[in-house]
Amino acid sequence: MGESSSFQMGVIAALFLSVASSVSIVICNKALMSNLGFPFATTLTSWHLMVTFCTLHAAQRFNLFENKPIDMKTVVLFGILNGVSIGLLNLSLGFNSIGFYQMTKLAIIPFTVLLETIFLNKQFSQKIKMSLFLLLVGVGIASITDVQLNFVGTILSLLAIATTCVGQILTNTIQKRLNVSSTQLLYQSAPFQAAILFVSGPMVDQFLTKQNVFAFKYSPIVLGFIILSCIISVSVNFSTFLVIGKTSPVTYQVLGHLKTCLVLAFGYTLLHDPFTERNIIGILIAMFGMGLYSYFCTQENKKKQADPLGSQMKDKDGTVYLGLEKECQEVKIPDKDPQV
């Protein structure tokens, strides 16, 4: 009973850390890009990942966590996949209207549900699906304005959705199947994510902004905000892996839409962004959907705890990822994953 309570407290702490750090970095980056004119989002993300790796490397050197080797093929492909998904999301924003980009982000939840249902044999109840539908409708009402379609933008959005869904599912699956913590997986994969974005980021940003990141004039205040953004990003990256590993990719996306609602509210309160009745109605519907999702998930988890043998039988699936089927079979899967 005490172990269950400790696990639940860990989940709550991870969710809170994720929300707080994500909202903070959005506000920081908005000030950096909108107010200070630093538009290089992809390159900035590569710096985030490099700082995250350096921070984790220092922590590992001080024995704050144990480094657990992971198959190199898994780590490299996983890191590249996540790096590519970030670049594709940024390209999707560059080629599409903001409204269509928001639709792309909303589409990640139903695509994740579809992939987990098909490939992982995971079952989602009608109640869960209804709550997710209400959430998506609410966020759509609150955030989607203009929707303009074009062929290249649509292809990029579809690729961004696919890579993001697969990357987040693998973040959860690798941790559980190989019995590694969120910190260990992030430490192993961050260098490869950072490398691909460090190489491609300046080119992507120059293509989207028509500006060169290396020719930008870095004033002290811009440097200050970049450093602050990188510091906050350590918490963002850590909590992302933590939440996905401890809960699920769908729950992480639900949490992401909560952040969207909070960012809209903070933008109105702190930055005096325009706020309409439509925003308010959308946020209220989204919050209602989130509440239902949380309630139904809690009820289903209680049923699983009451019938642990049945839930274990349902959880046994033949997931194969990144060619590691044999390694997965050799690893003992714990009853409770050690992270998030």
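Note that the structure is predicted; figures quoted are calculated from it, not measured.

A. Structural context of the overall build of the protein. For the protein, the count of helices and strands is 12 helices and zero strands. Helices and strands in the protein line up, N terminus first, as α-α-α-α-α-α-α-α-α-α-α-α. Excluding contacts between residues fewer than 6 apart, the proportion of contacts in the protein whose partners are at least 24 apart in sequence is 89%.

B. Highlighting the packing of helix H2 (residues 41–61) against helix H7 (residues 182–209). With their axes 7 Å apart at the nearest point, H2 and H7 run at an angle of 155° to one another. In terms of orientation, H2 lies roughly antiparallel with respect to H7. For the crossing formed where H2 meets H7, the hand is left-handed.

C. Broad picture of the packing of aromatic side chains. According to the stated counting rule, one finds 11 aromatic pairs in the structure shown. Each ring, one from Phe65 and one from Tyr187, has its centre 5.5 Å from the other, and the planes form 75°; the classification is edge-to-face. Here Tyr187 lies in helix H7 and Phe65 lies in the loop between H2 and helix H3 (72–95), a separation of 122 residues in the sequence. Here Phe65 matches Tyr187 in class, with each residue buried. Taken together, the ring pairs in this structure connect Phe38, Phe40, Trp47, Phe216 and Tyr218 into an aromatic cluster. Positioned above the aromatic ring of Phe207, the side-chain terminus of Lys210 is 5.2 Å from the ring centre.

D. Structural view of the pattern of salt bridges. Applying the stated criterion across every chain, the model contains one salt bridge. The salt bridge involving Lys122 is made with Glu116; its shortest N-O contact spans 3.9 Å. Classification of Lys122 by relative accessible area gives partly exposed; the value is 30%.

E. Layout of helix H6 (residues 151–177). Under the 1.5 Å per step criterion, the end-to-end length of H6 is 38 Å for 27 residues, consistent within 8% with the ideal 39 Å. For H6, the side-chain oxygen to backbone nitrogen distance between the N-cap and Val152 is 3.4 Å, and the N-cap itself is Asn150. Looking one or two residues beyond H6, the residue adopting positive phi is Asn179, at roughly 55°.

F. Structural context of the UniProt feature "transmembrane region" (unreviewed entry) in the protein. Look at the UniProt record and you will see "transmembrane region" (unreviewed entry) annotated at residues 38–58, 70–93, 132–149, 155–173, 185–201, 221–243, 250–268 and 280–296. When the span residues 70–93 is considered, its composition is 92% helix and 0% strand, and the gap between its end C-alpha atoms is 33 Å. When the span residues 221–243 is considered, its composition is 100% helix and 0% strand, and the gap between its end C-alpha atoms is 32 Å.

G. Just the side chain of Thr45, in detail. Its place among the elements puts Thr45 in helix H2. At 2.9 Å, the side chain of Thr45 forms a polar contact with the backbone oxygen of Ala41.

H. Structural view of the nonpolar core. By size, the foremost hydrophobic cluster in this structure holds 29 residues, and its most contacted members are Ile109, Leu132, Leu135, Val250, Val254 and Met290. Elements with a minimum of two residues in this core: helix H1 (2–35), helix H4 (98–119), helix H5 (126–143), helix H8 (220–246), helix H9 (249–270) and helix H10 (277–306). Ignoring any residue separated from it by four or fewer positions in sequence, one finds Leu132 in contact with Ile109, Val113, Val250, Val254 and Tyr293. With 16 residues, the next largest nonpolar core counts Leu170, Leu178, Leu185 and Ala190 among its residues.

I. Structural view of the environment of Gly140. Within the secondary structure, Gly140 is located in helix H5. Here the alpha-carbon distance between Gly140 and Asn279, two residues 139 residues apart in the chain, equals 9.5 Å. If sequence neighbours within four positions are ignored, Gly140 has contacts with Leu106 and Arg278.

What counts, and where the lines are drawn
- Every residue gets a number counted from 1 within its own chain, in the order that chain's sequence is written.
- With pLDDT at 70 or above as the cut-off, local features in this predicted model cover only qualifying residues; side-chain atom pairs require 80 or more to be listed or tallied, and sums for whole chains, interfaces and linings still use all residues.
- Side-chain metrics in this entry use all non-hydrogen atoms of the structure; hydrogen atoms and water are not considered.
- Strands here mean DSSP runs of E at least two residues long; helices mean DSSP runs of H or I at least four residues long; both are numbered from the N terminus.
- Throughout, a contact is declared for two residues whenever any of their heavy atoms are within 4.5 Å.
- Helix axes are fitted only over the stretch in contact, all axes being lines through C-alpha atoms; the angle between N-to-C directions runs from 0 to 180 degrees.
- Angular relationships are summarised with four words: roughly parallel below 35 degrees, roughly antiparallel beyond 145, roughly perpendicular across 65 to 115, and oblique for the angles in between.
- Put simply, a crossing is left-handed when the front helix is turned counterclockwise from the back one by less than a right angle, and right-handed when it is turned clockwise.
- Two rings belonging to Phe, Tyr or Trp (six-membered ring only in the last case) form a pair when the distance between their centres is within 6.5 Å. Interplanar angles under 30 degrees mark stacking, angles over 60 mark edge-to-face geometry, and anything in between is tilted.
- Any residue under 20% of the maximum accessible area for its type is buried, any over 50% is exposed, and the rest in between are partly exposed; the area is computed with a 1.4 Å probe on protein chains only.
- Comment: the charge-over-ring label is applied if NZ (Lys) or CZ (Arg) is within 6 Å of the ring centre and within 35 degrees of the ring normal.
- Take a side-chain nitrogen of Lys or Arg and a carboxyl oxygen of Asp or Glu: if they are within 4 Å of each other, that pair is a salt bridge.
- Expected helix span is computed as 1.5 Å times (number of residues minus one).
- Between N or O atoms, a polar contact is any pair within 3.5 Å; within protein, one atom must be a potential hydrogen donor and the other a potential acceptor, and residues adjacent in sequence are included only when both atoms are from side chains.
- UniProt positions are given in the numbering used here, feature names are shortened, and annotations may be inferred rather than shown by experiment.
- Throughout this description, the term nonpolar core refers to a set of buried Ala, Val, Leu, Ile, Met, Phe, Trp, Tyr and Cys residues connected via side-chain atoms within 4.5 Å.

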